[in-house]
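Given next are the chains, with one letter for each unit.
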Amino acid sequence: MDITIIDAPDYERVVEFKDSALGLLGYIAVHSTQRGPAAGGVRMRPYGHAAEALNDALQLARGMTFKNAAADLPLGGGKAVIIGDPHVDKSPDLLRSFGQAVQSLSGQYWTAEDMGMTPADMAHIGSRTDFVAGLADGEFASGDPSPITARGIFNAIRVAAQHRFGRTDLDGLTVSVQGLGHVGAHLCQLLHDAGARLIVTDIDARQSARVAEQCAAQAVAPDMIYGVEADIFAPCAIGGILNETSIPLLQVGAVAGGANNQLASAGDARLLHQRGILYAPDFVANGGGIINVATEILRVEEREAWVADRLKALEQTMDRILTRAKIEAVSPHEVAEAIVHEMLRPKAA
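Heads up: these notes are all about the structure in this document. Owing to the predicted nature of the structure, the values given are computational and were not obtained by experimental measurement.

Quick look at the environment of Asn55
Mapped onto the elements of the fold, Asn55 is located in helix 1 (residues 50-70). Using a relative accessible area of 40% as the deciding quantity, one classes Asn55 as partly exposed. Sequence separation of Asn55 and Thr317 is 262 residues, and the distance between their C-alpha atoms is 29 Å.

What follows is the structure, encoded as structure tokens:
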């Protein structure tokens with residue numbers, strides 16, 4: 001295992017880890033431990049090149065700092081990425097090797113499940129490190145965070161509907177969902193049960209067909225999702241999808257989804273605001289998963305009650321953000337970032 005420190009301004013620690021014998025290459029980025037140990041999942045994707053993977057780790061780690069602060073958790077922000085196709089390149093040995101990389105940071109970073117990973121994978125990683133959460137078994141095991149993530153996004157969609165359309169129920173509203181992985185599929189079921197009409201897409205056409213059948217949804221091709229007419233757009237795949245190309249295509253009243261770093265740039269939040277599209281900040285909307293994971297890291301005894309309380313508080317935070325944004329006539333993203341910056345500001349002695 002080769003671990004190399006990478007210079008990254010404004011980050012506390014960034015390392016590249018490599019195990020050539022196993023084909024392992026990736027990055028761990030620790031953005032901040034101001035509020036506590038950095039926590040954030042490990043993502044495995046077939047990145048086009050190493051620079052793309054590193055940039056993703058950096059952006060995701062910063063997003064975790066904001067997400068954990070917005071949820072008022074005593075955790076900082078970090079993220080790990082592994083370069084490779086999880087369906088082809090992932091193996092128990094590779095995961096155990098990654099666990100050694102996590103252990104080398106001595107608790108500065110806690111890892112958990114993210115894109116391309118499962119609770120079973122966390123067990124392999126956990127065989128080599130003490131700093132892993134999202135396990136399926138154990139005294140404080142939190143398991144798959146996807147259902148809780150989806151519940152938090154569902155709550156955010158309801159809050160957005162109240163502010164944009166003056167109603168809390170979703171019956172009869174149309175929601176377009178991009179990305180039907182663990183989180184997106186759970187979200188679709190919640191929306192369907194609430195009476196929403198669904199338009200869905202995924203890069204896996206078979207998954208689109210399955211969810212469409214289960215939730216009486218209309219499935220469309222991935223490049224068609226931006227232009228469909230809907231009340232709310234819920235991005236639940238990769239980041240950077242709200243940009244100067246996609247935003248002009250949107251025919252929705254609000255955006256509220258689970259993908260991390262949905263905005264390609266801060267300017268895209270203003271572009272949404274100018275178009276009259278209400279944006280529910282992603283690092284607030286998708287905080288349910290890390291709340292669930294935090295019960296394991298923090299060794300919470302009454303997990304279900306604690307998670308329920310935190311989800312309710314997160315919903316109230318979203319409501320305050322959207323209310324303040326309306327009063328100040330600015331993008332909710334601007335308000336959300338200002339609130340988190342205030343929470344991260346060092347307290348006077």
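Comments concerning the packing of aromatic side chains
By the definition in use, this model includes 4 aromatic pairs. Taken together, a centroid distance of 5.5 Å and an interplanar angle of 70° make the contact between Phe66 and Phe283 edge-to-face. Taken together, the residues span a long stretch of sequence, with Phe66 in helix 1 and Phe283 in helix 8 (residues 282-285) at a distance of 217 residues. With respect to class, Phe66 is no different from Phe283; both count as buried.

A short note on the sheet that holds strand 12 (residues 254-255)
The strand order 10-9-8-11-12-13 describes an open sheet built from 6 strands, whose pairing is parallel. Looking at which strands have only one partner, the edges of the open sheet turn out to be strand 10 (218-219) and strand 13 (278-279). With 2 bridges connecting them, strand 11 (residues 232-235) and strand 12 associate as parallel partners. Residue Ile232 lies in a different strand from strand 12, and its bridge partner there is Ala254.

A word on the packing of helix 10 (residues 303-328) against helix 11 (residues 332-344)
Orientation of helix 10 relative to helix 11, taken along the N-to-C sense of each, is 120°, at an axis distance of 8 Å. Classified by the interaxial angle, the pair formed by helix 10 and helix 11 is oblique. The hand of the helix 10/helix 11 crossing is right-handed. Of the residues in helix 11, those in contact with Ile321, Leu322, Arg324, Ala325 and Glu328 of helix 10 are Pro332, Val335, Ala336, Ala338 and Ile339. Of the residues belonging to the contact of helix 10 with helix 11, the class tally is 8 nonpolar, no polar and 2 charged.

Focus: the pattern of salt bridges
Pairs can form between side chains of opposite charge once their charged atoms are near each other. Applying the stated criterion to the full structure yields 12 salt bridges. Among the ionic pairs, Asp72 bridges to Arg35, the shortest N-O distance being 2.9 Å. Placement of Asp72 in the loop between helix 1 and strand 6 (76-83) and of Arg35 in the loop between strand 3 (24-32) and strand 4 (38-39) is noted, with a sequence separation of 37 residues between them. With a closest N to O distance of 3.8 Å, Arg43 and Asp56 form a salt bridge. Within this pair, whereas Arg43 is found in strand 5 (residues 42-45), its partner Asp56 is found in helix 1, the two being separated by 13 residues in sequence. Neither residue differs from the other here; Arg43 and Asp56 are each classed as buried. One network of salt bridges, with partners in common, ties together Arg43, Arg45, Asp56, Lys79 and Asp114.

Considering the nonpolar core
Core analysis: the largest hydrophobic core is formed by 87 residues, its most contacted members being Ile28, Phe98, Val177 and Leu191. Counting residues in each nonpolar core, the second largest holds 18 residues, with Tyr226, Leu250, Val255 and Leu272 among its members.

Some points on the packing of helix 2 (residues 92-103) against helix 3 (residues 119-126)
Orientation of helix 2 relative to helix 3, taken along the N-to-C sense of each, is 60°, at an axis distance of 7 Å. In terms of orientation, helix 2 lies oblique with respect to helix 3. Helix 2 and helix 3 meet at a crossing whose hand is right-handed. Touching Pro92, Leu95, Arg96, Phe98 and Gly99 of helix 2 are Asp121, His124 and Ile125, all from helix 3. Looking at the contact of helix 2 with helix 3 residue by residue, the classes come out as 4 nonpolar, 2 polar and 2 charged.

Here's the deal with the environment of Gly152
With respect to the helices and strands, the residue Gly152 is situated in helix 4 (residues 146-165). When its relative accessible area of 7% is taken as the criterion, Gly152 is described as buried. Residues Gly152 and Gly36, 116 residues apart in the sequence, show an inter-C-alpha distance of 23 Å. Beyond its immediate sequence surroundings of up to four residues, Gly152 is in contact with Ala285 and Leu311.

Rules and cut-offs
- Residues numbered from 1 in each chain as written.
- Predicted model: local features only at pLDDT ≥ 70, side-chain atom pairs only at ≥ 80, totals over all residues.
- Heavy atoms only, no water.
- Helix = DSSP H or I, 4+ residues; strand = E, 2+ residues; numbered from the N terminus.
- Buried < 20%, exposed > 50% of the residue type's maximum accessible area, 1.4 Å probe, protein only.
- Phe/Tyr/Trp six-rings, centres within 6.5 Å; stacked < 30°, edge-to-face > 60°.
- Pairing = 2+ DSSP bridges.
- Axes fitted to C-alpha atoms, helices over the stretch in contact; angles between N-to-C directions.
- Parallel < 35°, antiparallel > 145°, perpendicular 65-115°, else oblique.
- Left-handed = near helix turned anticlockwise from the far one by under 90°.
- Contact = heavy atoms within 4.5 Å.
- Nonpolar A, V, L, I, M, F, W, Y, C, P; charged D, E, K, R; others polar.
- Salt bridge = Lys/Arg side-chain N within 4 Å of Asp/Glu carboxyl O.
- Core = buried A, V, L, I, M, F, W, Y, C linked by side-chain atoms within 4.5 Å.

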